[in-house]
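# Working through the structure, step by step
Next come the chains, spelled out residue by residue.
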Amino acid sequence: MADVTVSELANMVGVPEDRLLEQIEEAGLPQKKADDTITNDERATLLLSLKSKHGEDTSDGATPRRITLKRKTVETLKTSDNLGRSKAVNVEVRKKRTYVKRSVEEAQIEAERKEAEKLAQEEQERKEEEVEEQVSQTNKDAEKNAVEKSTVSLTRGSEGDAPVAPKGDKPEAQREYKKGASHKAGSRDEVPTKDKKKTNLRRKEQEGSKKFQPVRSTDDFILDEDEDFDGGSRRRGRRKLSQGAKEHKFEKPTEFIVRDIEVPEAITVGDLAQRMNLKSGELIKSLMGMGFMATLNHVLDQDTSVLLVEELGHKAKTVSDDAVEESLVESIKYDGEEFSRAPVVTVMGHVDHGKTSLLDYIRKSSVTEGEAGGITQHIGAYHVDTDHGMVTFLDTPGHAAFSAMRSRGAQATDIVILVVAGDDGVKPQTEEAVQHSQAAEVPIVVAINKMDKEGVDTDRVKNELAAKGLTPEEWGGDTQFIEVSAQTGKGIPELLEAILLQSELLELKSIKDCPATGVIIESRLDKGRGPVATVLIQNGTLKLSNIILAGHEYGKVRAMIDENGNQIKEAGPSIPVEILGLNGTPDAGDEFIVVTDEKKAKGVAEFRFNRYRETQVAKQQIAKMESMFATMGDESKQVLNVVLKTDVRGSLEAISSSLLGLGNEEVSVNIISSGVGGISETDVQLAQTSRASIIGFNVRADKAARTLVEKEGMELRYYSIIYNLIDDVKAVLNGMLAPELLEEILGVAEVRDIFTSPKFGSIAGSMVIEGTVFRNKPIRVLRDEVVIYEGELESLRRFKDEATEVRNGMECGIGVKNYTDVKVGDKIEVFERKEVARSLE
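Owing to the predicted nature of the structure, the values given are computational and were not obtained by experimental measurement. (Residues numbered from 1 in each chain as written. Predicted model: local features only at pLDDT ≥ 70, side-chain atom pairs only at ≥ 80, totals over all residues. Heavy atoms only, no water.)

### Thoughts on the overall build of the chain
A count of helices and strands for the chain gives 20 helices and 38 strands. In the chain, which comprises 841 residues, the proportion classed as buried is 36%. Considering only residue pairs separated by 6 or more positions, the chain has 66% of its internal contacts joining residues 24 or more positions apart. For the chain, the exposed surface amounts to about 52700 Å²; the carbon and sulfur share of it is 48%. (Helix = DSSP H or I, 4+ residues; strand = E, 2+ residues; numbered from the N terminus. Buried < 20%, exposed > 50% of the residue type's maximum accessible area, 1.4 Å probe, protein only. Contact = heavy atoms within 4.5 Å. Areas by Shrake-Rupley, 256 points an atom, 1.4 Å probe, with all protein chains shown as cover.)

Right, dumping it as structure tokens:
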């Protein structure tokens with residue numbers, strides 16, 4: 001890092017200049033003013049001073065041992081004096097807390113203490129488990145004794161050995177009965193005292209531990225046939241195990257079930273196993289038997305899946321991924337009577353050749369003045385009622401960045417008007433427009449514009465286009481050439497006649513009374529109206545409340561607006577309109593259809609979106625791998641991250657392709673995120689995380705986004721002309737390029753004699769034969785025109801005086817640093833390296 005002033009350093013670290021000067025003085029540095037320069041070594045000294053002040057060990061590799069936190073608060077207390085007068089007293093409370101890092105020995109002691117606590121806890125849990133086991137065993141013994149006693153009592157009563165209690169309520173008779181019964185059954189009077197205590201203790205434990213007794217399941221009891229559990233005496237059933245409770249109600253089928261398995265074009269092993277109701281391991285085992293190694297998430301193609309299904313005994317039913325869309329298309333009928341429709345004409349050509357101006361004259365409006373920079377930024381769609389009939393025009397941009405728009409315009413059109421300036425001739429975008437039109441097999445009508453200017457050469461234009469395959473009719477070809485002027489209107493009627501003549505040859509027809517189909521010309525996100533799409537209807541009639549499906553977007557048409565801003569209720573073939581009601585902005589160029597069932601439209605849209613997302617993820621993975629391999633071993637490559645937001649889809653495509661085309665093997669542009677609509681706070685946060693610049697094309701940032709940009713000091717730029725945007729990004733990339741190092745030879749000295757100096761060693765007595773020899777410049781020693789050493793001078797003297805430079809034709813003494821093998825006849829070459837800024841070609 002270069003030397004900076006104290007003021008610059010204060011701004012960098014975010015502290016006041018006075019505070020920084022105090023810290024510099026405490027560190028013992030000489031700087032006293034904000035304009036004084038501070039070097040790298042002095043900054044390191046300042047950093048060590050600050051670390052030692054805060055209790056950190058400044059030795060190499062040391063970590064802070066102590067952290068001190070200070071807090072100061074001021075509180076106001078209200079008190080009263082002896083006279084009862086109240087007064088306020090400000091009390092300053094200072095708190096200081098120091099955290100000290102424990103040593104290794106302390107940490108080891110703490111670990112041993114925790115281990116001891118853990119062992120003690122485990123011992124306590126073991127003892128509790130033993131007590132529970134003893135209590136459980138005691139309960140079981142007590143229950144067993146009770147059952148045995150009741151059995152013995154029942155048995156004796158049935159044999160008549162047990163004494164019968166005498167009738168009457170006399171206490172003596174009762175005592176005599178109890179005594180006799182106890183004696184016959186083994187009286188407790190005969191039990192020793194010690195055994196009595198044990199018995200009493202066992203009885204108390206039994207009574208006190210009833211809560212630990214397990215709950216018996218009702219499945220252990222059944223009723224006899226003559227017993228009623230709910231009514232009568234409510235007698236409980238005898239304890240008898242149910243044989244039916246032990247038997248399973250479900251029996252595994254013994255026969256193999258053959259299933260019809262639907263197999264898509266691609267499916268994972270796990271999904272296929274789920275459809276076949278098998279474990280994934282069985283499928284993987286079968287695949288291994290077929291000589292195919294696979295995992296659970298491995299994707300199988302349709303042929304492999306069919307073989308696997310048939311190998312396992314099932315029937316495979318192939319299903320196309322587009323089955324959902326195919327079923328939707330089959331449900332729509334396009335029957336009806338065909339009518340002639342108006343031609344759709346696309347105006348194409350090089351930038352600033354007068355395409356929009358020519359269309360303005362036909363429409364009797366002024367669109368060019370409203371375009372930013374006087375160039376068309378996206379496709380404009382209009383239909384015009386002329387004296388020769390209705391014609392629909394599409395105006396495409398001519399800038400190099402809008403190649404995708406021109407291609408889209410050629411695909412959606414019937415006839416192409418190729419506008420060529422008579423004073424400029426064929427240009428790169430003119431050639432590209434010809435290629436797009438020929439690829440789409442669309443007939444071309446050439447309009448040679450700007451015929452009102454001087455220096456117009458129509459023969460040059462015809463020769464250049466004839467070389468591209470467009471031969472004029474007067475030369476024996478089939479291409480019409482019309483000379484026009486967008487300023488004076490010359491040739492405009494002839495141009496319209498040529499268009500209608502060409503449309504008659506094409507026999508353009510469409511069905512009017514059927515669901516509408518067409519193409520998305522443009523789409524954007526309007527802040528007040530939501531997603532807005534410009535559509536061109538190619539077949540059928542589009543009406544309000546129609547359910548429309550376009551790409552992976554769908555919705556109900558809530559409003560229809562023509563090119564003049566008027567709301568309409570329906571539009572027929574070859575009519576461009578703006579529609580509102582879609583749930584998102586479809587991509588320009590997507591085809592749209594009108595469906596009857598919104599549920600089906602939603603299903604198809606979700607299916608398309610999922611497939612699109614999978615494709616994008618796959619592309620990102622491939623791009624990551626390619627980028628990883630491309631940058632492997634090349635850590636010097638610089639990348640400019642960009643977050644791009646535009647007003648319409650067409651501009652987004654054009655700018656993205658242009659930015660990604662910039663750069664070389666050293667610098668490149670990476671578009672982190674792009675989209676249609678205003679710049680939100682989320683976009684700014686993403687740019688902050690990825691250290692990206694934010695570019696808005698015909699859009700603005702909302703208040704929250706602007707606040708965050710100002711707070712974080714981020715870069716946000718607005719553009720309305722694509723030229724300026726691309727030029728600025730290219731300038732940034734030029735600044736990121738490493739400068740080119742050029743060497744310039746400043747002077748050459750020839751060694752004439754060798755002297756020995758006790759201080760410098762060998763001194764070469766030399767004569768400067770070219771340029772100037774400088775003391776502080778790098779040098780090379782040449783012997784027989786071959787470089788044998790490269791280094792620097794240790795001394796340069798003119799006679800006995802030190803010299804900073806010696807000019808051509810003068811003698812001098814030269815001492816080469818760390819090199820003593822200089823000989824008579826060698827040449828000492830003095831040079832310097834210069835950095836020259838580079839730019840992208």
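### Observations regarding the environment of glycine 678
Structurally, glycine 678 is set in the loop between strand S27 (667-676) and helix H18 (681-690). The exposure class assigned to glycine 678 is partly exposed, which follows from its relative accessible area of 43%. Taking the C-alpha atoms as reference points, glycine 678 and asparagine 698, separated by 20 residues in sequence, lie 8.9 Å from one another. Beyond its immediate chain neighbours, meaning those up to four positions away, glycine 678 contacts Lys645, Asp683, Val699 and Arg700.

### Some remarks on the confidence of the model for the chain
Per-chain confidence: the chain averages 76 in pLDDT, with 76% of residues scoring 70 or above. Within the chain, strand S28 (residues 693-697) carries the highest mean pLDDT (92), whereas helix H5 (residues 171-184) carries the lowest (42). Counting interchain partners and residues more than four positions distant, the pLDDT-below-50 stretch residues 154-198 has 19 contacts. Every residue in residues 365-379 is under pLDDT 50, and counting partners more than four places away or in other chains gives 42 contacts. (pLDDT = per-residue confidence, 0-100.)

### Let's talk about the pairing of strand S21 (residues 553-561)
Where burial is concerned, most of S21 is hidden: seven out of the nine residues are buried. Inspection of the sheet shows strand S20 (residues 547-550) paired to S21 by four bridges, in the antiparallel sense. By the bridge assignment for S21, isoleucine 547 is matched with lysine 556. When S21 meets strand S24 (residues 576-582), the two strands line up antiparallel, connected through four bridges. For methionine 560, the partnering residue across the bridge sits in S24 and is isoleucine 579. (Pairing = 2+ DSSP bridges.)

### Some words on unusual backbone geometry
Backbone geometry places arginine 691, a non-glycine residue, at a positive phi of 55°. With respect to the helices, strands and loops of the structure, arginine 691 is situated in the loop between H18 and S28. Here arginine 691 falls in the exposed class, since its relative accessible area comes to 77%. The phi dihedral of asparagine 818 is positive, around 60°, even though this residue is not glycine. Given a relative accessible area of 69%, asparagine 818 falls into the exposed group.

### Regarding the nonpolar core
Formed by 23 residues in total, the largest nonpolar core has its most connected members in Val345, Leu358, Phe393, Ile417, Leu495 and Ile499. Those elements that place two or more of their residues in this core are strand S10 (344-349), helix H11 (355-363), strand S11 (380-386), strand S12 (389-395), strand S13 (415-421), strand S14 (444-449) and helix H15 (492-506). Broken down by element, this core gets its largest block of residues, six residues, from H15. Those residues in contact with isoleucine 417, other than ones at most four positions away along the chain, are Val345, Thr346, Val347, Met348, Phe393, Val445, Ala447, Leu495 and Ile499. One finds Leu652, Leu659, Val669 and Leu737 within the second-largest nonpolar core, a separate group that totals 21 residues. (Core = buried A, V, L, I, M, F, W, Y, C linked by side-chain atoms within 4.5 Å.)

### Side note on helix H7 (residues 269-276)
Along H7, the positions that sit buried rather than exposed are Val269, Gly270, Leu272, Ala273 and Met276. With its buried residues spanning 165° around the axis, H7 presents them on a single face. Those residues of H7 hidden inside the fold are in contact with strand S5 (260-263), strand S6 (266-268), helix H8 (280-289), strand S7 (299-301) and helix H9 (302-311). Immediately beyond the C-terminal end of H7, within one or two residues, lies asparagine 277, with a positive phi of roughly 60°. (Arc of directions from axis to C-beta.)

### What to know about helix H20 (residues 722-736)
The first and last C-alpha atoms of H20 sit 21 Å apart over 15 residues, in line with the 21 Å expected at 1.5 Å per residue. Buried within H20 we find Ile722, Leu725, Ile726, Val729 and Leu733. For H20, the angular spread of the buried residues around the axis is 90°, confining them to a single face. In this structure, the buried side of H20 is in contact with strand S26 (638-646), helix H17 (649-661), S27, S28 and strand S29 (716-719). (Expected span 1.5 Å × (residues − 1).)

### With respect to the packing of helix H1 (residues 6-13) against helix H2 (residues 17-26)
One way to put it is that H1 packs onto H2 with a least axis distance of 9 Å and a crossing angle of 110°. Classed by the angle they form, the pair H1 and H2 counts as roughly perpendicular. The residues of H2 that touch H1, namely those facing Val6, Ser7, Leu9 and Ala10, are Glu17, Leu20, Leu21 and Ile24. Among the residues forming the contact of H1 with H2, the class breakdown is six nonpolar, one polar and one charged. (Axes fitted to C-alpha atoms, helices over the stretch in contact; angles between N-to-C directions. Parallel < 35°, antiparallel > 145°, perpendicular 65-115°, else oblique. Nonpolar A, V, L, I, M, F, W, Y, C, P; charged D, E, K, R; others polar.)

### Considering the side chain of serine 510
On the secondary structure map, serine 510 appears in strand S16 (residues 509-511). Overall, the relative accessible area of 5% leaves serine 510 in the buried class. For serine 510, the contacting residues outside a window of four places in its chain are Glu337, Glu338, Phe339, Arg341, Gln538, Asn539 and Pro573.

### Details of the sheet that holds S29
Spatial ordering of the open sheet is given by S27-S26-S28-S29, a layout of four strands whose pairing is parallel. Whereas interior strands pair on both sides, the edge strands pair on one side only; in this sheet they are S27 and S29. Ignoring which end each strand starts from, the neighbouring axes of this sheet average 25° apart. Pairing of S26 with S27 involves nine bridges; the strand directions are parallel. Within S27, the position partnered with asparagine 641 by the bridge is asparagine 670. Across the sheet, H17 lies against S26, S27 and S28, angled at about 170° from S27, the strand it touches most.

### What about the packing of H7 against H8?
One can describe the packing of H7 onto H8 by two numbers: an axis separation of 9 Å at closest approach and a directional angle of 115°. In terms of their interaxial angle, H7 and H8 are classed as roughly perpendicular. When the axes of H7 and H8 are compared, the crossing they make is right-handed. Residues Val269, Gly270, Leu272, Ala273 and Met276 of H7 lie in contact with H8, whose contacting residues are Ser280, Leu283, Ile284 and Leu287. The class makeup of the residues in the contact of H7 with H8 is seven nonpolar, two polar and no charged. (Left-handed = near helix turned anticlockwise from the far one by under 90°.)

### A few points about the side chain of serine 503
In this fold, serine 503 is placed in helix H15. Setting aside its immediate chain neighbours within four residues, serine 503 contacts Pro343, Ile415 and Leu508.

### Details of the pairing of strand S15 (residues 480-483)
In this sheet, S15 lies alongside S14 in parallel orientation, the contact comprising four bridges. When the sheet's bridge partners are listed, isoleucine 448 is paired in S15 with glutamate 483. In this region the chain leaves S14, passes through helix H14 (residues 458-466) and returns to the parallel neighbour S15; the handedness of that crossover is right-handed. (Right-handed = clockwise from strand over helix to strand, strands pointing away.)

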